[in-house]
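Chains, contacts and geometry: an overview
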Amino acid sequence: MLTKIRERAANSSLRPEFVCGEANFRTIAEAIACAIFISQGEQLNYVNHAAETMTGYAREELLSMNFWDLVRPDCRELVLNRGDARHGSARQYEVKILTKSGDERWLDISTAMIEFDGMLASLHSAVDLTERKHAEEKVQLLAVTDPLTGLGNYRRLVEALDAEVKRTGRPFAVLLLDLDQLKKINDRYGHLIGSQALCRLADVLRGFCRSIDTAARYGRDEFAVILPETTAAAARLVASRIRSRVAADSLEPPLSASVGVAVYPQDGETIEALLCAADRDLYGMKPV
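Residues numbered from 1 in each chain as written. Predicted model: local features only at pLDDT ≥ 70, side-chain atom pairs only at ≥ 80, totals over all residues. Heavy atoms only, no water.

1. Observations regarding the environment of arginine 220
Using the following cut-off: Helix numbers and strand numbers start at the N terminus; a helix is a DSSP run of H or I with at least 4 residues, a strand a run of E with at least 2. Should any heavy atoms of two residues lie within 4.5 Å, those residues are counted as being in contact.
Here arginine 220 is to be found in the loop between strand S7 (214-217) and strand S8 (222-228). Sequence spacing of arginine 220 and leucine 198 is 22 residues, and the spatial spacing of their C-alpha atoms is 9.1 Å. Setting aside chain neighbours within four positions, we find arginine 220 in contact with Leu182, Asn186 and Leu198.

Structural data, given as C-alpha cells:
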C-alpha cells in the first residue's frame, strides 16, 4: 500500500493527494485495535499505538527491539520452522509473547512481506487472543474436573491412565480408594456432611500427590491416584500413609479409607485390567 502511494506520488500532479493518503494510512494504523509491527532486517521500524498497549513497551523501546524478542522462545522455534512468508503472501499463526511486566499473552499473528520506505519489510499484525484462550482453558478444565472435590473426574482418570500405558517400559502404580461407611455418615449426619467427608479425603490425596501424579474421583465414594514410576512397595507405602492421615483427621465424623493397589505391567497391561486388579485388592482390605 505504501509503495503504491509513493509510486503514484512521484507524479507531481497527484503528489499532494497521495501524500495525504500515506498520512491517512498512519492515522488509521494508530487508531485500530490491531497491533502492527513492521521490521526491516532485525530491527522494528514502525509500531502503532496498539502494539504499545499490547506489549507494555513504549514505542521507543519497541523500535530498538526485534519482533522475535517479544515471542516466547518455545513458540519462536515453532513459527520459524514453518518457513518465511513470501512477498505478497501471508502466514497466520498463534504465539505467546511476554509483555514488559512479564505477563504472557496469546496473539493471533498474520505475517506478510511488503515494501516499506522502498525496501522489503515484514509486517506482523496481531490480535490479542488471551481472554479467549483463558476461557477455553477453563472450559477444558471443567470437562475433566469433579465439581464437588475439585479433583479430576473419571474422564481425566482414563486420559491419564491411557497416557501412562502408552509409555512402554515405564512402570506405574494405581491406587483405588474407598471412603468407608459413607452411607452411614449420610444417614446419621446428612448428605451435606457426607459431601464434606468426600472433600476431606480429596484434600488428603492432594497433599500426598506429587506434580506428576493424578488424583481423581472414580465413583460416588471411590477415588483413584496414578503414581508414575512407582513400584508396588512404594505404592503400598503411599497407601498406608494416606490411610493413616485420613484416620488422624480430628474433624467429625471420624473417617477411614480402604486402599487397593495395582502396578503396571505385572497386575495388568490394560486400563480395565489394572482397575479390576486394584478393585480386588481394595475389597480385600475392606473392614468387615
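So, next bit.
2. As for the packing of helix H8 (residues 182-189) against helix H9 (residues 191-208)
Any two packed helices are characterised by how steeply their axes cross, that is the angle between the axes, and by the distance between the axes. Rule in force here: Axis definition: a line fitted to C-alpha atoms, over the contacting stretch in the case of helices. Angles run 0 to 180 degrees between N-to-C directions. Orientation is classified from the angle alone, with under 35 degrees giving roughly parallel, over 145 giving roughly antiparallel, 65 to 115 giving roughly perpendicular, and any other angle giving oblique.
Viewed as axis vectors pointing N to C, H8 and H9 meet at an angle of 140 degrees, and their least axial separation amounts to 7 Å. Between H8 and H9, the crossing angle belongs to the class labelled oblique. Contacts between H8 and H9 pair Leu182, Ile185, Asn186 and Tyr189 from the former with His191, Ile193, Gly194 and Leu198 from the latter.

3. A short note on the nonpolar core
Cut-off, in case you're wondering: Think of a nonpolar core as a cluster: buried Ala, Val, Leu, Ile, Met, Phe, Trp, Tyr and Cys residues, connected wherever their side-chain atoms sit within 4.5 Å. Residue exposure (1.4 Å probe, protein chains only): buried if accessible area is under 20% of the type maximum, exposed if over 50%, otherwise partly exposed.
In terms of nonpolar packing, the biggest core is built from 26 residues, with Leu175, Leu177, Leu179, Leu205, Phe223, Val225 and Ile242 touching the most fellow members. Elements with a minimum of two residues in this core: strand S6 (172-179), H8, H9, S8, helix H10 (232-247) and strand S9 (257-264). Setting aside its immediate chain neighbours within four residues, leucine 175 contacts Phe223, Ala224, Val225, Leu227, Ala235, Val238, Ala239, Ile242, Val259, Gly260 and Val261. By size, the runner-up hydrophobic cluster in this structure holds 21 residues, among which are Met54, Tyr57, Met65 and Leu107.

4. Here we look at the pattern of salt bridges
Rules: Here, a salt bridge means any Lys or Arg side-chain nitrogen found within 4 Å of an Asp or Glu carboxyl oxygen.
With the rule as written, the count across this model stands at 21 salt bridges. A salt bridge links lysine 96 to glutamate 104, with the nearest nitrogen and oxygen atoms 3.4 Å apart. A relative accessible area of 17% means that lysine 96 is categorised as buried. With relative accessibility at 37%, the residue glutamate 104 sits in the partly exposed group.

5. Examining the confidence of the model for the protein chain
Selection criterion: For every residue, the predictor assigns a confidence score, pLDDT, that lies between 0 and 100.
Per-residue confidence for the protein chain gives a mean pLDDT of 84; residues scoring 70 or more make up 85%. Taken element by element, the protein chain is modelled with least confidence in helix H1 (residues 2-9), mean pLDDT 42, and with most confidence in S8, mean pLDDT 95.

6. Remarks on the pairing of S6
Condition: Paired strands are those between which DSSP finds at least two bridges.
Where burial is concerned, most of S6 is hidden: 8 out of the 8 residues are buried. Judged by which residues are buried, S6 turns out to be covered on both faces: Phe172, Val174, Leu176 and Asp178 on one side and Ala173, Leu175, Leu177 and Leu179 on the other are all buried. Of the pairings in the sheet, the one linking S6 to S8 comprises 7 bridges and is antiparallel in character. Paired with phenylalanine 172 across the two strands is proline 228, which belongs to S8. When S6 meets S9, the two strands line up antiparallel, connected through 8 bridges. The residue of S9 that forms the bridge with leucine 175 is valine 261.

7. Comments concerning helix H11 (residues 271-285)
Selection rule: To estimate the expected span of a helix, subtract one from its residue number and multiply by 1.5 Å. In this context, the arc is that of the directions from the helix axis out to the C-beta atoms.
Here H11 is 15 residues long and its end C-alpha atoms lie 21 Å apart, about the 21 Å a rise of 1.5 Å per residue gives. Looking only at H11, the buried set comprises Ile271, Leu274, Leu275, Ala277, Ala278 and Leu282. Here the buried residues of H11 occupy an arc of 160 degrees about the axis, which is enough to place them on one side. Exposed residues on H11 whose side chains face more than 90 degrees from its buried face are Glu272, Arg280 and Gly284. Looking at the buried residues of H11, the elements they touch are helix H7 (154-166), S6, S8 and S9.

8. What to know about unusual backbone geometry
With an omega dihedral of -5 degrees, the bond running from glutamate 252 to proline 253 counts as a cis peptide bond. Structurally, proline 253 is set in the loop between H10 and S9. Looking along the chain, the bond that leaves tyrosine 264 and enters proline 265 is cis, with omega of 5 degrees. Take proline 265: it is sitting in the loop between S9 and H11. In this structure, glutamine 181 takes a positive phi of about 60 degrees despite not being glycine. Counting through the fold element by element, glutamine 181 comes out in the loop between S6 and H8. A relative accessible area of 42% places glutamine 181 in the partly exposed class. Phi is positive for glutamate 229, which is not a glycine, with a value near 50 degrees. Within the secondary structure, glutamate 229 is located in the loop between S8 and H10. With a relative accessible area of 54%, glutamate 229 lands in the exposed category.

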